[in-house]
Amino acid sequence: MNMELSRRQLIKGASAGIAGTTIGALGFGDVETAYAAAIRPFKLAGTTETRNTCPYCAVACGIIMYSKGNLAKGEKADIVHIEGDVDHPVNRGTLCPKGAALLDMVHSETRLKFPKIRKPGSDKFEQVSWDVALDRVARLMKDDREQNIVVKNNDGVTVNRWATTGFLAASASSNEAAFVTYKAVRSTGIVVFDNQARV
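The structure displayed is predicted, hence computed values, not measured ones.

Moving on: the pairing of strand 7 (residues 158-169). Inspection of the sheet shows strand 6 (residues 150-152) paired to strand 7 by 2 bridges, in the antiparallel sense. The residue bridging Lys152 from the neighbouring strand is Thr158, located in strand 7. Hairpin connection of strand 6 to strand 7: 5 residues between the antiparallel strands, including Gly156 at a positive phi of 85°. Where strand 7 meets strand 8 (residues 190-195), 5 bridges bridge the pair, whose relative direction is parallel. Looking at strand 8, one finds that Gly166 is bridged to Val192.

Here it is in structure tokens:
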């Protein structure tokens, strides 16, 4: 497509562009930022602020979740906004696209919210309580460890190896939590131990 442009039209367009950038350079460019800052307190008024860690990757960015609903009055708290924590030393308020979309993950209809088990021979999962789920995991781990732990190797050296069960840790944990997890898992004799950040 050919466009006819006279010298007069070129100068008018360039002048308008220069005028716009000059006004922005004189300090009027922050008007939108100031306007947004003035509205923000009203958007989050009456919400409860909770600090947390983004669950996605090993970076462990800090987030702030804002929820409405007074738990003291028996109301259900509903998360209405999630943003990066500017005071967090890891991300200083920034979030990647996945972290910025955390609110969608929280409100997703397909997100698993309760433990479920599928009994042998069944074709469907059924919801159970956390007590039932954790007791089942503990019982299955204990039974497997008792049947398969190798206490001594062929030379009679105590090794306490448990190689039939693996453990996958959370990469979003702090260094302290990761250290405690590592010590707890290794103390059982588990050899297969990895982190979700490498998967």
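Read across the sheet, 3 strands follow the order 6-7-8 without closing on themselves; strand pairing throughout is mixed. Every interior strand has two partners, whereas the edge strands, strand 6 and strand 8, have only one. In this sheet, neighbouring strand axes are inclined to one another by 25° on average, regardless of whether the strands run parallel or antiparallel. Here helix 5 (residues 130-148) sits on the sheet in contact with strand 6, strand 7 and strand 8, set at roughly 150° to strand 7.

The subject of this paragraph is unusual backbone geometry. Backbone geometry at Arg92 places phi at a positive 50°, although glycine is not the residue there. Structurally, the position occupied by Arg92 is in the loop between strand 3 (78-84) and helix 3 (97-100). For Arg92, a relative accessible area of 63% corresponds to the exposed category. The phi angle at Asn160 is positive, at roughly 45°, despite the residue not being glycine. Following the sequence through the fold, Asn160 ends up in strand 7.

There is about 170 Å³ of room inside the largest pocket. If you go around the largest pocket, the residues you meet are Ser67, Lys76, Ala77, Asp78, Ile79, Val106, His107 and Arg111. Partitioned by chemical class, the residues of the lining of the largest pocket number 3 nonpolar, 2 polar and 3 charged.

Turning our attention to the sheet that holds strand 3. Spatial strand order, 1-2-3: 3 strands in an open sheet with antiparallel pairing. Strands with a single pairing partner mark the edges of an open sheet, and in this sheet they are strand 1 (48-53) and strand 3. Neighbour-to-neighbour, the strand axes of this sheet turn through a mean angle of 30°, independent of strand direction. Of the strand pairs in this sheet, strand 2 (residues 62-68) and strand 3 are connected by 6 bridges, and their pairing is antiparallel. Counterpart to Ile63 in the pairing with strand 3 is Gly84.

Positionally, His88 belongs in the loop between strand 3 and helix 3. A distance of 3.5 Å separates the side chain of His88 from the side chain of Asn91, its partner in a polar contact. Contacts of His88, omitting those with residues within four sequence positions, involve Ala60, Cys61 and Gly62.

Take the environment of Val150 next. Within the fold, Val150 resides in strand 6. Residues Val150 and Gly189, spaced 39 residues apart in sequence, show a C-alpha to C-alpha distance of 8.9 Å. When near neighbours in sequence (up to four residues on either side) are disregarded, Val150 contacts Val159, Asn160 and Arg161.

Under the counting rule described, the total for this entry stands at 6 salt bridges. The residue Asp87 makes a salt bridge to Arg51 at a minimum N-O spacing of 3.4 Å. Here the residue Asp87 occupies a position in the loop between strand 3 and helix 3, and Arg51 occupies one in strand 1, the gap between them amounting to 36 residues. Taking relative accessible area as the criterion, Arg51 reaches 45% and is therefore assigned partly exposed. Among the ionic contacts, a cluster of salt bridges with common partners joins Glu49, Arg51, Asp85 and Asp87.

Calculation rules
Residues numbered from 1 in each chain as written. Predicted model: local features only at pLDDT ≥ 70, side-chain atom pairs only at ≥ 80, totals over all residues. Heavy atoms only, no water. Pairing = 2+ DSSP bridges. Helix = DSSP H or I, 4+ residues; strand = E, 2+ residues; numbered from the N terminus. Axes fitted to C-alpha atoms, helices over the stretch in contact; angles between N-to-C directions. Contact = heavy atoms within 4.5 Å. Buried < 20%, exposed > 50% of the residue type's maximum accessible area, 1.4 Å probe, protein only. 1 Å grid on protein atoms, 1.4 Å probe; cavity = no way out; pocket = protein on both sides within 12 Å on 5 of 7 lines; lining within 4 Å. Points joined across faces, edges and corners; volume = space filled by probe spheres on them. Nonpolar A, V, L, I, M, F, W, Y, C, P; charged D, E, K, R; others polar. Polar contact = N/O pair within 3.5 Å; in protein donor to acceptor, adjacent residues only side chain to side chain. Salt bridge = Lys/Arg side-chain N within 4 Å of Asp/Glu carboxyl O.

All quantities given are derived from atomic positions and should not be read as evidence of function.
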